Amino acid sequence: MADKNVSRKIVISPENHPFHSHEDEAILDAALREGVQLPYGCRGGTCGACKAQLLEGEIIYGETEPEALTDKEINTGWILCCQARAETDLVIKIREVSETKEIPIKTLPSRVMHMEQLSHDVMGLWLKLPSTERLQFLAGQYIDILMKDGKERSFSLANAPHDDEYLQLQVRYYDGGYFSEIVFNEMKEKTLLRIKGPFGNFFLREDSDRPAVFVAGGTGFAPVKGIIEHMIAKGDKRPVSLYWGVRAKRDLYMDDLARSWAEEHGNIEYIPVLSEPMKEDNWQGKTGFVHDAILEDIRDFSEIDVYASGPPIMVESVHKSFTQYGLPEERLYSDAFEFAATSKK
Ligand code: FES
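Residues numbered from 1 in each chain as written. Predicted model: local features only at pLDDT ≥ 70, side-chain atom pairs only at ≥ 80, totals over all residues. Heavy atoms only, no water.

Reading across from one edge, β17-β16-β15-β14-β18-β19 is the order of the six strands in this open sheet, with parallel pairing throughout. Each edge of the open sheet is held by one strand with a lone partner, namely β17 (286–287) and β19 (332–333). Looking at chain direction, strand β14 (residues 212–217) and strand β18 (residues 305–309) are connected through five bridges and run parallel. Considered in β18, the bridge of A216 is made with S309. Here helix α4 (residues 221–234) sits on the sheet in contact with β14, β15 (240–246), β16 (268–274) and β18, set at roughly 150° to β14. (Pairing = 2+ DSSP bridges. Helix = DSSP H or I, 4+ residues; strand = E, 2+ residues; numbered from the N terminus. Contact = heavy atoms within 4.5 Å. Axes fitted to C-alpha atoms, helices over the stretch in contact; angles between N-to-C directions.)

Set out below in structure tokens:
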């Protein structure tokens, strides 16, 4: 990886799995940025979930003391990955999280710190966890909001794990939808919400270098945003095509962001698709169902990974049509069905 900011090579023993840290970057931050899953909890030096053994090299701590380590542990080579920075190349021993089921599912309080109407019917929420807690998750996974009366509602996380000061959600308004009515009509900043997660199998397959086609429908854009921001942070250069299907131009609530990805990264292309463009849209781009629009461009999916996020009917159409054009079923990634089953608006 030719990046002048890369300063240290960190190798996880015994797997010999390397990643690189920038200057002034904690080992855990570097791992998250590169998609290496180390266990963690608070990211603040207090819980001890990120303990590792330093086998080779030198580390330093910043201003925060490694509170979760005893003197004995410090003297016998234990370090906290969320606080330690590499002074030299390192070899560390720590158990990598290799499956989502190894990521702890937590129930936590959170506070809505910021609300922003992203379009006529989508609200962005920025949730903050208590200062001693962070939620470990893979980009693209979702959380449940636990409501006071026992109802729950699932939302994908729109941020990537390296950028986890706030958990970002994108909530679409549904007439009569239990949670969306609250969000649009009652909720104020500072509201407390109980969350549970992370869940879901919609995350980047890190070990593939095949081109990736992302199919997002409506607010299905949210987890795709998390994954693409993770790929950019990681320097993942596999070809990415993002097709975002919505009704009209006003529904492309982060169009500028998606365009900026394509402008700044040669491996990313962005194709918005409108199913019912409005007259004032003066739309020259693709129209119709998003899966049909993709089939106009791609006729052979045998060497492509497809990530589909949106309404179950969209994912079903993607599944039905793309498998006829060579997409192996196991390379269509989505949690639309699991998601729909657990969602109660
Ligand atoms: S001490 Fe909690 S994640 Fe490092």
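Another aspect to go through is the nonpolar core. Membership of the largest hydrophobic core comes to 29 residues, with the highest contact counts inside it found for F214, F221, I228, L242 and W244. In terms of residues, this core owes the most to one element, α4, which gives five residues. Inspection of this core shows a minimum of three residues originating in each of domain 2 (101–199) and domain 3 (212–342). When residues no more than four places from it in sequence are discounted, the contact partners of L242 are F214, A216, F221, V224, I228, A258, W261, E269, Y270 and I271. One finds I10, F19, A86 and I94 within the second-largest nonpolar core, a separate group that totals 25 residues. (Core = buried A, V, L, I, M, F, W, Y, C linked by side-chain atoms within 4.5 Å. Buried < 20%, exposed > 50% of the residue type's maximum accessible area, 1.4 Å probe, protein only. Domains from an automatic or database assignment.)

On to helix α5 (residues 255–264), then. Among the residues of α5, those classed as buried are D255, A258 and W261. Down the axis, α5 shows its buried residues gathered within 125° of arc, on one side only. More than 90 degrees from the buried face of α5, the exposed residues found are D256, E263 and E264. On its buried face, α5 sits against α4, β15 and β16. (Arc of directions from axis to C-beta.)

The subject of this paragraph is the domain arrangement of the protein chain. Partitioning the protein chain into structural domains gives domain 1 (6–98), domain 2 (101–199) and domain 3 (212–342). Here domain 1 and domain 3 have C-alpha centroids that lie 36 Å from each other.

Glancing now at unusual backbone geometry. A cis amide bond, omega 0°, links S13 with the succeeding residue P14. Note on placement: P14 falls in the loop between β1 (6–13) and β2 (17–22). Each neighbour pair has its own omega, and for G197 with P198 the value is 5°, a cis peptide bond. Its place among the elements puts P198 in strand β13 (residues 192–199).

Counting through the fold element by element, S110 comes out in strand β8 (residues 106–119). Sequence-distant contacts of S110, that is, excluding residues within four places in its chain, are made with L127, K128, L129, T191, L192, L193 and I195.

Turning our attention to the pattern of salt bridges. Following the criterion strictly, the structure yields 20 salt bridges and no others. As a salt-bridge pair, D121 and R172 come within 3.0 Å of each other at their nearest N and O atoms. Residue D121 is located in the loop between β8 and β9 (122–128), and its partner R172 is located in strand β12 (residues 167–172); the two are separated by 51 residues in the primary sequence. Residue classification places R172 among the partly exposed residues on the basis of a relative accessible area of 29%. Across the pair E229 and K225 runs a salt bridge, and its minimum N-O distance is 3.1 Å. With E229 and K225 both in helix α4 and four residues apart, this pair spans about one turn of that helix. When salt bridges that share partners are traced, they join D29, R43, R134 and D164 into one network. (Salt bridge = Lys/Arg side-chain N within 4 Å of Asp/Glu carboxyl O.)

Our next topic: the packing of aromatic side chains. Inspection of the entire model under this criterion finds 11 aromatic pairs. With centroids separated by 5.4 Å and ring planes inclined at 50°, the aromatic side chains of F155 and F179 adopt a geometry described as tilted. One end of the pair, F155, is in strand β11 (residues 152–156); the other, F179, is in helix α3 (residues 178–185), with 24 residues separating them in the sequence. Taken individually, F155 and F179 each receive the classification buried, so the pair is uniform in this respect. Seen in terms of ring centroids, F214 and Y307 are 4.9 Å apart; in terms of plane orientation they differ by 20°. Their pairing is stacked. Of this pair, F214 sits in strand β14 while Y307 is found in strand β18, placing the two residues 93 residues apart along the sequence. For F214, a relative accessible area of 0% translates into the label buried. Y307 gets classed as buried once you look at its relative accessible area, which sits at 0%. Chaining the aromatic ring pairs together yields one cluster made of F202, F214, Y307 and Y333. Of note, R43 hangs over the ring of Y40, and the distance from its end group to the ring centre comes to 5.9 Å. (Phe/Tyr/Trp six-rings, centres within 6.5 Å; stacked < 30°, edge-to-face > 60°. Lys NZ or Arg CZ within 6 Å of the ring centre and 35° of its normal.)

Counted as a void, the second largest pocket has a volume near 380 Å³. Lining the second largest pocket are 18 residues; nearest its centre among them are Q37, S98, L138, F203 and E206. Of the residues contributing to the lining of the second largest pocket, the split by class is seven nonpolar, six polar and five charged. (1 Å grid on protein atoms, 1.4 Å probe; cavity = no way out; pocket = protein on both sides within 12 Å on 5 of 7 lines; lining within 4 Å. Points joined across faces, edges and corners; volume = space filled by probe spheres on them. Nonpolar A, V, L, I, M, F, W, Y, C, P; charged D, E, K, R; others polar.)

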